[in-house]
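Observations on chain architecture
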Amino acid sequence: MTQKKETCEVCKKPATSLTKCKSCGRNYCAKCQSPSTSQHFCKECVAMEGVISKQ
């Protein structure tokens, strides 16, 4: 059985699983997850100021 691959909207590479960014709404792969937060933000949104939730 083959696993369906989707395309990461940040790096544009195929991925087996994607997560939706809480800021921009794009679907990103594990490599595009921001390492500086455990929340669901892509690395591009975290690079911008004021994006990380204060929760």
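Residue indices begin from 1 for each chain and proceed along its sequence in written order. Under the rules for a predicted model, residues below a pLDDT of 70 receive no local features and side-chain atom pairs below 80 are neither given nor counted, while totals for whole chains, interfaces and linings still include all residues. Side-chain descriptors were evaluated using all non-hydrogen atoms of the structure, hydrogens and water having been removed beforehand.

Examining the state of the cysteines
- Note that a disulfide, as used here, is simply two cysteine sulfur atoms within 2.5 Å. Inspection of every chain in the model, using the stated rule, returns zero disulfides.
- With no disulfide of its own, C11 lies closest to C8 among cysteine sulfurs, the gap being 3.6 Å.
- Considering cysteine sulfurs only, C45 is the nearest to C42, which forms no disulfide, with 3.7 Å between them.

Let's talk about the side chain of S34
- Put simply, DSSP H or I for four residues or longer makes a helix, DSSP E for two residues or longer makes a strand, and each gets a number counted from the N terminus. As for its placement among the helices and strands, S34 is situated in the loop between β4 (27-28) and α1 (43-47).
- With sequence-adjacent residues up to four places away left out, S34 is seen in contact with F41, C42, K43 and V46. Contacts were defined at the residue level, with two residues in contact if any of their heavy atoms lie within 4.5 Å.

Focus on the environment of A15
- Counting through the fold element by element, A15 comes out in strand β2 (residues 14-15).
- On a C-alpha basis, the gap between A15 and K31 in space is 9.5 Å, while along the polypeptide they are 16 residues apart.

What about the environment of Q39?
- Assignment of secondary structure puts Q39 in the loop between β4 and α1.
- The spacing of Q39 and C21 is 18 residues in sequence and 8.9 Å in space, taken between C-alpha atoms.
- Two N or O atoms count as a polar contact when they lie within 3.5 Å, although within protein this holds only if one can serve as hydrogen donor and the other as acceptor, and sequence-adjacent residues are included solely when both atoms are side-chain atoms. Side-chain polar atoms of Q39 contact the side chain of K22, separated by 3.2 Å.

Side note on the environment of P14
- For P14, the location among the structural elements is in strand β2.
- Among the residues examined, P14 registers a relative accessible area of 58% and is labelled exposed.
- As for P14 and C29, which are separated by 15 residues in sequence, their C-alpha atoms are 8.4 Å apart.
- Those residues in contact with P14 that lie beyond four places of it in its chain are K5, E6 and T7. Residue exposure (1.4 Å probe, protein chains only): buried if accessible area is under 20% of the type maximum, exposed if over 50%, otherwise partly exposed.

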